[in-house]
Amino acid sequence: MGNIEAWSKNIVVQDCGGLLTDNSDWAGDAGLLHMVEHVFDTNVDLLRRIRPELGTDDIDLLVTAGIGRRAIAYDHDGARAVILEVGLIRALWTRAASIAHLPPVLSNAFPINNDVDQAWMASTCDVVPGMSDWDCSEDRAEYCFDLFLHMLEYVVVHEIAHHVRGHLALVNTSTGLHLIDELEARNELPSSVTSKDDFLIQDLEFDADAQGLELSMAAMDEKHPFETDWDSKSAREWQFQLIFSQLMVAQVIDVAAKRDADYTPDGHPAPIHRAINYANLVSKSLHHLVGGPWDAYVNMHSVAWSEAGYVAKALAYPKGRWHDDHGKKMKTGDYHILEQRYFASSRRLDRRTHD
């Protein structure tokens, strides 16, 4: 961990509410902080052993007291950090609790005690319940807790990927602030904004999703080698968890309140587009690594999206926003164009990294 006193006085950290340990307004934040630190430390420790060339040791995790839903990759005078506002972590924990209390969710694909009380569920994080308040079976609570950890891991490795892929050297060069603020990139930057060497900010986001997934898979391969420990059934279970968890994060951070079909493929990174690309890449990657019938992976891909749709509908997302009509008014070919751009940008970054 770097110089915490210096980080505590940093203008960006202050803009995000200051360090959580100094400014928390809820006793339960200590537990959330412990969980995100565990996910961060576990991934960094694994990467230190298996990918030392990435140099992740000097990246600090800074959880701030901001009640927004910001995640930031930040480089200040050579010091590197991942900044997460506690508002985002609370929202993800709240989403996990909501999943636990929605009987249609996990009742078909993975039947886990579908006889649950719906007394507690919410789309916002105004109240953050503890697991003791969930009032559902231990198995269901544990599964939803694991999904929460997957949500955290997706966010953490995505931000680490921004660092190790050199994205920060490409942005904000005129101001001297080398950072990528996920909230700004999603909702405020015009579609014409590019970074150095004409990389679209959206393309950097897609690349961070892809490389974050690669880091997760490298870590998983270290713990449980794909070649010896996996079969197609276990691969599809993890496929579901990765896709579904990323969809939950995408829904939580989608503050634009647009119908899915209102996003265009040339705009800045709509969560729906990132979710489509990420889900496709998860499915293709695990099929390549583990094997088994491709149709089974296609079916599990559909199951993850269907389950996520149940959540969106139950939490009152309007029709056409993450459920029912998603994608129907955008031509399938447009999604293929996005995927092609996604990989083309990553290949450009590969060449830049290796040159």
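Going by the structure above, here's the rest.
Residues numbered from 1 in each chain as written. Predicted model: local features only at pLDDT ≥ 70, side-chain atom pairs only at ≥ 80, totals over all residues. Heavy atoms only, no water.

Scanning the protein chain from N- to C-terminus turns up 13 helices and four strands. Counting across all 355 residues of the protein chain, residues that qualify as buried make up 54%. Sequence separation of 24 or more characterises 73% of the internal contacts of the protein chain that already satisfy a separation of 6 or more. About 15300 Å² of surface is accessible on the protein chain, with carbon and sulfur atoms providing 50% of the total. (Helix = DSSP H or I, 4+ residues; strand = E, 2+ residues; numbered from the N terminus. Buried < 20%, exposed > 50% of the residue type's maximum accessible area, 1.4 Å probe, protein only. Contact = heavy atoms within 4.5 Å. Areas by Shrake-Rupley, 256 points an atom, 1.4 Å probe, with all protein chains shown as cover.)

Ranked by size, the top nonpolar core spans 86 residues in total, and within it Ile 99 and Phe 244 carry the most contacts. Broken down by element, this core gets its largest block of residues, 12 residues, from helix α10 (residues 232-253). Filtering out sequence-adjacent residues up to four positions away, Phe 244 remains in contact with Ile 99, Val 105, Leu 147, Ala 304, Glu 307, Ala 308 and Val 311. Among the nonpolar cores identified, the runner-up in size contains 11 residues, and Val 12, Leu 62, Ala 81 and Leu 179 belong to it. (Core = buried A, V, L, I, M, F, W, Y, C linked by side-chain atoms within 4.5 Å.)

What follows deals with the side chain of His 167. Relative to the helices and strands, His 167 is located in the loop between α6 (138-164) and β4 (178-181). A residue is classified by how much of its surface remains accessible, and His 167, at 0% relative accessible area, is buried. When sequence neighbours within four positions are dropped, the list of residues in contact with His 167 reads Ala 161, His 162, Ile 180, Leu 204, Asp 207, Ala 208 and Leu 349.

Most of strand β1 (residues 59-64) is tucked away, with six of its six residues classed as buried. Side-chain alternation along β1 places Ile 59, Leu 61 and Val 63 on one buried face and Asp 60, Leu 62 and Thr 64 on a second face that is also buried. With six bridges joining them, β1 and strand β3 (residues 79-85) adopt parallel strand pairing. The partner of Leu 61 across the bridge, within β3, is Val 82. (Pairing = 2+ DSSP bridges.)

Side chains that differ in charge, positive against negative, can pair when their charged atoms come close. Per the counting criterion, the structure on display carries 15 salt bridges. Put simply, Asp 57 and Arg 48 hold a salt bridge, and the shortest N to O gap is 2.7 Å. In this structure, the salt-bridge partner of Arg 274 is Glu 205, at a minimum N-O distance of 3.5 Å. On the criterion of sequence distance, the pair formed by Arg 274 in helix α11 (residues 271-290) and Glu 205 in helix α8 (residues 201-223) is long-range, its members being 69 residues apart. Per residue, the accessibility class of Arg 274 equals that of Glu 205, and both read buried. A network of salt bridges, in which partner residues are shared, links Asp 15, Arg 70 and Glu 85. (Salt bridge = Lys/Arg side-chain N within 4 Å of Asp/Glu carboxyl O.)

Here we take up a negative patch on the surface. A contiguous patch of negative charge, built from Glu 138, Asp 139, Glu 142 and Asp 146, is present on the exposed surface. Summarising the element assignment, Asp 139 is placed in helix α6. The exposure class of Asp 139 is exposed, given its relative accessible area of 57%. (Patch = residues over 30% accessible without salt bridge, like charges linked within 9 Å, V, L, I, M, F, W, Y side chains within 5 Å. Lys, Arg positive; Asp, Glu negative; His and termini not counted. Charge placed at Lys NZ, Arg CZ, Asp CG, Glu CD.)

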